[in-house]
Amino acid sequence: MSVTNNNNYQGGKTYGRLKSHQSEALDEINQTYLHDDALKGDGFEDLPERLESYKEQFMEFDEDNSGDIDIMELKRMMEKLGQAKTHLELKKMIAEVDTTNSGTIHYDEFVDMMLGSKSSVLKLILMFEKKAKESQQPVGIPPPRDLSSLP
């Protein structure tokens, strides 16, 4: 799903269509999980919400819209989360999740990792980051500030 350069200067529209197609493709994969009888009895009452959350995470980290997360996208993702890793650590993280030995993380592998009982390093970091974002939400009106309180 790469974008070709055909001198079309409407890149924003093209990118939006590409993201829309990617979203539709991931929704189709999500439908297979929603209709999977094995998941219905495993305590996944909030499965549609989880799948939507996983889709948004995956689309955010799949920067080139290829349908999978490669080592450089994983590196940038970990840096965004404040968890910079070496290439060896990144390769190990991909190997933990990659069931097709492609060297990348496809969406179905990503969802299997997030829904599965096995604790991979990537899953733990993503879950920790999600909980940290939830706890950092400020409540109420911000306190008044003056110039002396600025850094």
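Everything discussed here concerns the structure shown above.
From a predicted model like this one, the values you see are computed outputs, not experimental measurements.

A. Focus on the nonpolar core. Counting residues in hydrophobic clusters, the biggest one holds 27 residues, and the most contacted among them are Leu74, Met77, Met78, Phe110, Leu122 and Leu126. Mapped by element, the contributors of at least two residues to this core are helix H1 (11-34), helix H3 (47-61), helix H4 (71-80), helix H5 (87-97), helix H6 (107-115) and helix H7 (121-135). What Leu122 contacts, discounting residues up to four positions off in sequence, is Leu74, Met77, Met78, Met93, Ile105 and Met113.

B. Molecular detail of the pattern of salt bridges. Following the criterion strictly, the structure yields 4 salt bridges and no others. The residue Asp27 makes a salt bridge to Lys55 at a minimum N-O spacing of 2.9 Å. Here Asp27, found in helix H1, pairs with Lys55, found in helix H3; they are 28 residues apart in sequence, far enough to count as distant. A salt bridge links Glu79 to Lys75; the shortest N-O distance between them is 2.7 Å. One end of the pair is Glu79 and the other is Lys75, both in helix H4 and 4 residues apart, which spans about a single turn. In this structure Glu79 comes out as partly exposed when scored by relative accessible area, which is 41%. A residue is classified by how much of its surface remains accessible, and Lys75, at 21% relative accessible area, is partly exposed.

C. Highlighting unusual backbone geometry. Here the phi dihedral of Asn65 falls at roughly 55 degrees; this positive angle occurs in a residue that is not glycine. Within the fold, Asn65 resides in the loop between H3 and strand E1 (68-69). A relative accessible area of 2% means that Asn65 is categorised as buried. You will see that Asn101, though not glycine, has its phi angle at about 55 degrees, which is positive.

D. Structural view of the packing of H3 against H6. Orientation of H3 relative to H6, taken along the N-to-C sense of each, is 130 degrees, at an axis distance of 11 Å. As judged from the angle between their axes, H3 and H6 are oblique. Where H3 crosses over H6, the two elements pack in a sense that is right-handed. From H3, Leu47, Arg50, Leu51, Tyr54, Lys55, Gln57 and Phe58 reach across to H6, where they touch Tyr107, Phe110, Val111, Met114 and Leu115. Its residues assigned to classes, the contact of H3 with H6 comprises 9 nonpolar, 1 polar and 2 charged.

Calculation rules
- Here the residue numbers are simple positions, counted from 1 along each chain's written sequence.
- The model is predicted, so local features are restricted to residues of pLDDT at least 70 and side-chain atom pairs to those at 80 or more, both for listing and for counting; the totals for chains, interfaces and linings are taken over all residues.
- Side-chain numbers come from the whole structure's heavy atoms, not from hydrogens or water.
- Joining through side-chain atoms within 4.5 Å is the link that ties buried Ala, Val, Leu, Ile, Met, Phe, Trp, Tyr and Cys residues into a set, and such a set is a nonpolar core.
- Classification of residues uses two cut-offs on accessible area relative to the type maximum, computed with a 1.4 Å probe and protein chains only: under 20% is buried, over 50% is exposed, and between them is partly exposed.
- We count a stretch as a helix when DSSP gives it H or I for four or more residues in a row; a strand needs E for two or more, and each element gets its number in order from the N terminus.
- Contact criterion: two residues are considered in contact whenever any of their non-hydrogen atoms come within 4.5 Å of each other.
- What counts as a salt bridge is simple: a side-chain nitrogen of Lys or Arg found within 4 Å of a carboxyl oxygen of Asp or Glu.
- Structural elements are reduced to axes, namely lines fitted to C-alpha atoms, with helices fitted over the stretch in contact, and the angle between N-to-C directions of any two is expressed from 0 to 180 degrees.
- In these notes the angle categories are as follows: under 35 degrees is roughly parallel, over 145 is roughly antiparallel, 65 to 115 is roughly perpendicular, and the rest is oblique.
- By definition, any crossing whose near helix is turned counterclockwise from its far helix by less than a right angle is left-handed, and any crossing with a clockwise turn is right-handed.
- Each residue gets one label: Ala, Val, Leu, Ile, Met, Phe, Trp, Tyr, Cys and Pro are nonpolar, Asp, Glu, Lys and Arg are charged, and the others, such as Gly, are polar.

The values are spatial; any link to function lies outside them.
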